[in-house]
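Here is what each chain is made of, one letter per residue.
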Amino acid sequence: MNPRAAAHRILGEVRRGTRSDRAASRILPDVDPADRGLALDIAFGCLRLRARLDAWIRACADRPPSRMDRAVRDWLRVGAYQLTELRTPDHAAVGETVGAARAALGRGRAGYVNAVLRALARRRAAGPFPDPDEDPVGHLCSWGSHPEWLVRRWLARWDLGDVRRLVEHQNRPPDVVVRMLSGEEPAPPDGVELEPVPGWPRSFRLQSGLPQAALAGLRAVIQDPAASAVVDYTGGRLGEPVLDVCAAPGTKALGLAAAGGVPVVALDISPRRLARLGAPARRLGLPVSLAVADARRLPVAEAGTVLADVPCTGTGVLRRRADARWRLGQRGLDDLVALQREIVDACAAAVRPGGLLVYSTCSLEREENEEQVDAFLDRRPDYRREPPPAGARDDCTTPRGDLFVRPWLTGTDGAYAARLRRIA
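The structure reproduced in this document is the subject of the present report. Please read all numbers here as calculations on a predicted model, not as lab measurements.

### Concerning the environment of D413
Logical step 1: As for its position among the elements, D413 is in the loop between α18 (407–410) and β12 (415–422).
Logical step 2: Separated by 244 residues in the primary sequence, D413 and H169 place their C-alpha atoms 9.2 Å from one another.
Logical step 3: Setting aside residues up to four positions removed in sequence, D413 forms contacts with D224, A226, G316, V317, R319, R320, V405 and P407.
Logical step 4: Within the structure, D413 has its side chain in polar contact with the side chain of R319 (distance 2.9 Å).

In C-alpha cells, the structure reads:
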C-alpha cells in the first residue's frame, strides 16, 4: 500500500473511534516495510498537529476544515504535514498525495486537494498563527495544537514558559528507551546502537535498529524512564504477594518482579492487552502470573504490596498517544476521577496491615494525583503517606514525598505516584 494512503486510512480509522495504535497495527502490515516509518510518521504527525495543520489549510482554502468532506480534509492534512513538517520536496509532497487521493476520491475531489496544497506550498512563509506574546493561549492552541481547555488549566498552574516547553515536548515523537532490569551494561546485538539516557541509570535510548532486535539477549524491557521511576519509587523490598493492578502492557510488573525477586500477579480487565505480557515474562524467566479481572472487584483476599497504576487522562504521555488530546474533556476527567476512587478503595481493602499501596498515574492533573490521594487519606485514617525510597531524584520528588515527573524538565513522559502504608 502507498504509505500516504496508509496514513490516510489510519486517520479514517481514528476518526471512526479506533485508537491510533490499534489502527496502525491493523494497517501497517499492508505497507512495504521500507515505507512503514513514513506512513506512521505522517499519520501520527497529523494526529498530534491537527490544529496546526488545520490553521494552514484554513488559510489556503475557500472554507474552514470543519465544513469539508472528511476524507478530503484528511488528505489535506496528509499533504500539509509533509509540506510544513517534513523535508519532503514540494513536488513530491503534492504530487504523491494528490495521486493517492485521486485513486481514492476520483478526479474532482482530488483536484480540490491539489489546489489547496499548491496554495499552501506558495504561502508557507507567512504562518497564520496568533502572536505568541499577544495571544499565548491562541498560539498554544493553534501552533501548539492542544485543546484550549487543557492549555488554560496548565497556564493556571504553571508559568507560560513551562507550558510552552510542555506543549513543544508533547508534539515531538517519543524516543524508544531500553530499560535494563539489572545493573549490568547492555551488550546489544549487531545492528543495534544504544545510548545512555543522562540522569536515568539503566535506561538507554535506541539510536539504531529495531526494538525487538535490541531486546534479543538483553535482560531488559522497552520502558520510558518515567515509568521506570514508578517501579523504582515502589521500592525493592516488597511484601508478598505483589499485585500490579491495571497492569497492561505489563512492563512495570516485569520491573517489580526483577527488582523485588518475588512473584507478581499482573491484573487487568483486558485479556487481549494482558496476553502481551506472557511472552516477555517467559523470555526473562520472571515469576509473573496473569489474572483477568476488574480492579474494582479484586480476586485477591490479601496482598503485601499493591501497585494501583490506575486509568487516567494520560496528559503526561500525549506525545505517545497521538490522538488522545482530542478525546479528552472535563467530563471525561471527572469520570476517570470517580473510577480511580473506586479502584484505590478496592486496592486499599486488599492490603494487609503493614503493607504498601502505591497509587500511580501518567497524568499531570491535580484531581487525578495529589487531590485523589489527599481524599483517600481522609477516607482511610489507617493509611499514611510514606517517604520515597533512598535514591529518589530530588527534581522528581514533591515536598510531601510523592513522585512527580514533569516532562518539560526531564525530556521523558510524565508520571505521578504516592506511597501509602497501611498502619499495622
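Here the narrative resumes.
### A short note on the layout of surface pockets
Logical step 1: Volume-wise, the second largest pocket comes out at about 350 Å³.
Logical step 2: Surrounding the second largest pocket, 18 residues form its lining, A229, D232, G391, A392 and R393 being those nearest its centre.
Logical step 3: The element best represented in the lining of the second largest pocket is helix α12 (residues 225–234), accounting for four residues.

### Here's the deal with helix α5 (residues 70–85)
Logical step 1: Helix length check: α5, at 16 residues, gives a terminal C-alpha distance of 22 Å against a target of 22 Å (1.5 Å per residue), a fit within 8%.
Logical step 2: Counting buried residues in α5 gives 13 out of 16 residues, a clear majority hidden from the surface.
Logical step 3: Of the residues flanking the start of α5, the one acting as N-cap is D69, its side-chain oxygen 3.0 Å from the backbone nitrogen of A71.

### Quick word on a positive patch on the surface
Logical step 1: Where like charges cluster on the molecular surface, the positive patch consists of R19, R22, R272, R273, R276 and R321.
Logical step 2: Tracing the backbone through its elements, the reader meets R22 in helix α2 (residues 20–27).

### Considerations on the environment of A7
Logical step 1: Tracing the backbone shows A7 in helix α1 (residues 3–15).
Logical step 2: Between the C-alpha atom of A7 and that of D162, which follows or precedes it by 155 residues, the distance is 32 Å.
Logical step 3: For A7, the residues in contact, after removing those within four places along its chain, are A39, I42 and A43.

### Focus: the pairing of strand β6 (residues 264–268)
Strand residues, when the strand is regular, have side chains that alternate between the two faces of the sheet.
Logical step 1: Across the five residues of β6, four count as buried, placing the element largely inside the fold.
Logical step 2: When strand β5 (residues 242–245) meets β6, the two strands line up parallel, connected through four bridges. When the sheet's bridge partners are listed, D244 is paired in β6 with A266.
Logical step 3: Where the polypeptide runs from β5 across helix α13 (residues 251–260) and back to β6, its parallel neighbour, the crossover connection is right-handed.
Logical step 4: One ladder, built from five bridges, connects β6 with strand β7 (residues 288–292); its direction is parallel. Along β7, the bridge assignment pairs V264 with V288.

### Observations concerning the pairing of strand β3 (residues 203–208)
Logical step 1: Sheet topology places strand β1 (residues 177–180) next to β3; three bridges connect them, and they run antiparallel. Along β3, the bridge assignment pairs V177 with R205.
Logical step 2: As defined by bridge partners, strand β2 (residues 193–196) adjoins β3 across four bridges and the pair is classed as antiparallel. Bridge pairing links L194 to L206 in β3.
Logical step 3: In this structure, the hairpin formed by β2 and β3 is closed by a connection of six residues, where G199 is found at a positive phi of approximately 85 degrees.

### As for the packing of aromatic side chains
Logical step 1: Applying the stated criterion to the full structure yields four aromatic pairs.
Logical step 2: Three or more aromatic residues joined by ring pairs make a cluster, and in this case those are W56, F129 and W143.
Logical step 3: Cation over ring: R50 sits above W326, and NZ or CZ is 4.3 Å from the ring centre.
Logical step 4: Sitting above the plane of the W200 ring, R393 keeps its charged end 4.2 Å from the centroid.

Scoring rules and cut-offs
Residues numbered from 1 in each chain as written. Predicted model: local features only at pLDDT ≥ 70, side-chain atom pairs only at ≥ 80, totals over all residues. Heavy atoms only, no water. Helix = DSSP H or I, 4+ residues; strand = E, 2+ residues; numbered from the N terminus. Contact = heavy atoms within 4.5 Å. Polar contact = N/O pair within 3.5 Å; in protein donor to acceptor, adjacent residues only side chain to side chain. 1 Å grid on protein atoms, 1.4 Å probe; cavity = no way out; pocket = protein on both sides within 12 Å on 5 of 7 lines; lining within 4 Å. Points joined across faces, edges and corners; volume = space filled by probe spheres on them. Expected span 1.5 Å × (residues − 1). Buried < 20%, exposed > 50% of the residue type's maximum accessible area, 1.4 Å probe, protein only. Patch = residues over 30% accessible without salt bridge, like charges linked within 9 Å, V, L, I, M, F, W, Y side chains within 5 Å. Areas by Shrake-Rupley, 256 points an atom, 1.4 Å probe, with all protein chains shown as cover. Salt bridge = Lys/Arg side-chain N within 4 Å of Asp/Glu carboxyl O. Lys, Arg positive; Asp, Glu negative; His and termini not counted. Charge placed at Lys NZ, Arg CZ, Asp CG, Glu CD. Pairing = 2+ DSSP bridges. Right-handed = clockwise from strand over helix to strand, strands pointing away. Phe/Tyr/Trp six-rings, centres within 6.5 Å; stacked < 30°, edge-to-face > 60°. Lys NZ or Arg CZ within 6 Å of the ring centre and 35° of its normal.

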